[in-house]
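Residue-level listing of the chains:
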Amino acid sequence: SRQKPRFHETAMGSDVKYLGPACVTFVYLGMYYVFMLNAGVTKRLIEREYKAKDKKFDRYFGQDRRMLRADRIHLNTLEHMVPFLGMMWLHAVYVDDVQKATIAGIIGTCARALYPFLLGSRKEGLGHTNTKRVYPSTMPQYAVMIYLTQGVARRFISLSMA
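For clarity, every value in this text was computed on a predicted model and none was experimentally measured.

Draft legend 1. Structural view of the overall build of the protein chain. When helices and strands are counted, the protein chain shows 5 helices and 0 strands. For the protein chain, the sequential pattern of α-helices and β-strands runs α-α-α-α-α. Taking all 162 residues of the protein chain together, 36% fall into the buried category. Across the protein chain, contacts joining residues at least 24 apart in sequence account for 72% of those joining residues at least 6 apart. When the accessible area of the protein chain is evaluated, it comes to approximately 10700 Å², of which 64% is carbon and sulfur surface.

Draft legend 2. Main features of the nonpolar core. Counting residues in hydrophobic clusters, the biggest one holds 23 residues, and the most contacted among them are Y28, F84, L85, M88 and L148. Of all elements in the fold, only α2 (19-52), α3 (65-95), α4 (98-119) and α5 (135-161) reach the threshold of two or more residues within this core. Those residues in contact with Y28 that lie beyond four places of it in its chain are T77, H80, M81, F84, L85, T109 and R112. Counting residues in each nonpolar core, the second largest holds 6 residues, with A39, Y50, M67 and A70 among its members.

Draft legend 3. How the structure looks around α5. With 27 residues, α5 should reach 39 Å at 1.5 Å per residue; the first-to-last C-alpha distance of 38 Å fits that figure. For α5, the full list of buried residues reads S137, T138, Q141, V144, M145, L148, G151 and V152. Looking at the packing, one finds that the buried side of α5 touches α3 and α4.

Draft legend 4. Structural context of the packing of aromatic side chains. Taken as a whole, this structure holds 5 aromatic pairs when the rule is applied. With centroids separated by 5.2 Å and ring planes inclined at 35 degrees, the aromatic side chains of Y28 and F84 adopt a geometry described as tilted. Placement of the pair is Y28 in helix α2 and F84 in helix α3, with a sequence separation of 56 residues. Judged by relative accessible area, which is 6%, F84 ranks as buried. Summarising the aromatic geometry, the rings of Y32 and Y33 are spaced 5.1 Å apart at their centres and angled 70 degrees between planes, so their arrangement reads as edge-to-face. Y32 gets classed as buried once you look at its relative accessible area, which sits at 10%. Positioned above the aromatic ring of Y115 is the side chain of R112, whose terminal nitrogen or guanidinium carbon lies 4.9 Å from the ring centre.

Draft legend 5. Spotlight on the pattern of salt bridges. In total, this model carries 8 salt bridges according to the counting rule given. Among the salt bridges present, the one from E49 reaches R66, with a minimum N-O distance of 2.8 Å. Taken together, the residues span a long stretch of sequence, with E49 in helix α2 and R66 in helix α3 at a distance of 17 residues. Residue classification places R66 among the partly exposed residues on the basis of a relative accessible area of 22%. Residues participating in the shared-partner salt-bridge network are E49, K53, D64 and R66.

Draft legend 6. Fine view of the packing of α4 against α5. Look at α4 against α5: their axes get within 8 Å of each other, and the N-to-C directions meet at 155 degrees. Compared by their axis directions, α4 and α5 come out roughly antiparallel. In terms of crossing hand, the pair formed by α4 and α5 is left-handed. Touching K100, A101, A104, I107, G108, A111, R112, L114, Y115 and L118 of α4 are P136, S137, T138, P140, Q141, V144, Y147 and L148, all from α5. Here the contact of α4 with α5 is composed, by residue class, of 12 nonpolar, 4 polar and 2 charged.

So, how was this worked out
Residues numbered from 1 in each chain as written. Predicted model: local features only at pLDDT ≥ 70, side-chain atom pairs only at ≥ 80, totals over all residues. Heavy atoms only, no water. Helix = DSSP H or I, 4+ residues; strand = E, 2+ residues; numbered from the N terminus. Buried < 20%, exposed > 50% of the residue type's maximum accessible area, 1.4 Å probe, protein only. Contact = heavy atoms within 4.5 Å. Areas by Shrake-Rupley, 256 points an atom, 1.4 Å probe, with all protein chains shown as cover. Core = buried A, V, L, I, M, F, W, Y, C linked by side-chain atoms within 4.5 Å. Expected span 1.5 Å × (residues − 1). Phe/Tyr/Trp six-rings, centres within 6.5 Å; stacked < 30°, edge-to-face > 60°. Lys NZ or Arg CZ within 6 Å of the ring centre and 35° of its normal. Salt bridge = Lys/Arg side-chain N within 4 Å of Asp/Glu carboxyl O. Axes fitted to C-alpha atoms, helices over the stretch in contact; angles between N-to-C directions. Parallel < 35°, antiparallel > 145°, perpendicular 65-115°, else oblique. Left-handed = near helix turned anticlockwise from the far one by under 90°. Nonpolar A, V, L, I, M, F, W, Y, C, P; charged D, E, K, R; others polar.

Structure below.
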């Protein structure tokens, strides 16, 4: 009497094999929602401040440096999420190097987590001099993306020539 295989055994081989990339994905998505919550809280605080001064707050055209900072943190994370997580998973599955994909994912996620701290203080907001300060966050992320992308590209090329 043979047992029917469970979904996770047929879909991806094993529920443990891809635990690393799954954990990285979970942490990255959690970080994204924390950054989104920060943008919402920042907006509410600024709205109250403007209301107390009897001023109108315009989130998108008002150029409040604190709101620009919160939006930059949130939206830059969103902008990089799909390519980063997609390449990490493609590397884990098609290059079949789950450990290296997980390590690259951890490095990319940790580098992304540094971004708000390097961008400037919450009170200071976003200024024109912040660009170089975020290099310790952005450059490792780009290096991780290059590593993951070249691995996937090489694998696809080798599969197409087989």
